[in-house]
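Letter by letter, the chains look like this.
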Amino acid sequence: MDNRGEVREFLMSRRARLTPEDAGLAAGSNRRVAGLRRSEVAVLADVSVEYYAKLERGSIAGASSSVLESISSALRLDDTERAHLFDLARAADGIPTSGRSRKRPTAQSGARLSLQWALEAITEGVAFVRDPYQNLLATNALGRAFYSPVIGDGGRTPNLARFQFLDPASRDFYPDWDLFAEMCVGIMRAEAGRDPHDRTMQDLVGELSTRSETFRTLWGAHNVRTHGSGTKRFRHPVAGELTLAYEELAITAEPGLVLLVYTAEPGSPSAERLHLLASWSASEDATIERRRATS
């Protein structure tokens, strides 16, 4: 992922989606572009046309915060898109997002005993740790049962992006598959903007782009998003239909990792089904332990 190319494609895609009417400008006639012209963005951002054209060619290094704020306002970027633009500018300047190098998380990052204890202490909801590459590093007991379609029979670290785009089972697990696909790519895009030289992310994007046309199309749209909180629907092979609220929390001891917790509204059908899933999981674990004891 070339930083100049990322900047160019991002700014062009944001400009193309805005119409003159959106920006409060007169459309005029003989327009050759669907969105705003570069000159119109320059006027709205109060910079010269030559300077904005330079930025859109990818030469964003050295751009001041005030200029980036003006560009963000002119293009009507939301908070996530604005943060992404600033991340691209930091990367162009050679400055890590946090102002210092960020240790890349590994599969062992989610294996700390205290972190696993914290996960297991959450018994009424699905809890798991995810890294920037969508790897599922650790789960609580209910999380292992919930994500059984993703985890499978073991092997390499389960990856939510690979499951989303490369496993047909994901279309059953995610009733709103298209929405989940857009969210997954948007989150990955935002992460990639923080470090365009991250080889692990480059390899994952290359793999998915080669193997999934849908991923390739969504990646080319340059949309970014954060996860945060919200509600999602799932169709679990054991529990059935589930509507769960989610909260995402940063793990400060492991920069780059996040803890996600899915819970159901108390007293709802989804809460009852989640409870049944927990009972089924406990029964399965007990059966496995008995087999180990007698083998």
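Residues numbered from 1 in each chain as written. Predicted model: local features only at pLDDT ≥ 70, side-chain atom pairs only at ≥ 80, totals over all residues. Heavy atoms only, no water.

> How should I be thinking about the packing of aromatic side chains in this particular structure?
What describes a pair of aromatic rings is the distance from one ring centre to the other and the angle between the planes of the rings. Tallying each qualifying case throughout the model produces 19 aromatic pairs. Centre to centre, the rings of Phe234 and Tyr262 are 5.4 Å apart; their planes meet at 90 degrees, and the pair counts as edge-to-face. Here Tyr262 lies in strand S5 (residues 258–263) and Phe234 lies in strand S3 (residues 229–236), a separation of 28 residues in the sequence. For the pair Phe234 and Tyr262, one class covers both residues: buried. Among the aromatic side chains, those forming a connected cluster through ring pairs are Phe128, Phe146, Tyr147, Phe163, Phe173, Tyr174, Phe180, Phe234, Tyr246 and Tyr262. Its guanidinium or amino end placed over the ring of Phe86, Arg82 lies 4.5 Å from that ring's centre, counting from NZ or CZ. Seen from the ring of Trp177, Arg171 lies directly overhead, with NZ or CZ sitting 3.7 Å from the centre. (Phe/Tyr/Trp six-rings, centres within 6.5 Å; stacked < 30°, edge-to-face > 60°. Helix = DSSP H or I, 4+ residues; strand = E, 2+ residues; numbered from the N terminus. Buried < 20%, exposed > 50% of the residue type's maximum accessible area, 1.4 Å probe, protein only. Lys NZ or Arg CZ within 6 Å of the ring centre and 35° of its normal.)

> In this structure, what is going on with the environment of Leu137? I would like to understand it.
Examined against the element boundaries, Leu137 turns out to sit in strand S2 (residues 136–139). The class for Leu137 is buried, based on a relative accessible area of 16%. C-alpha of Leu137 to C-alpha of Thr157: the two residues are 20 residues apart in sequence and 7.0 Å apart in space.

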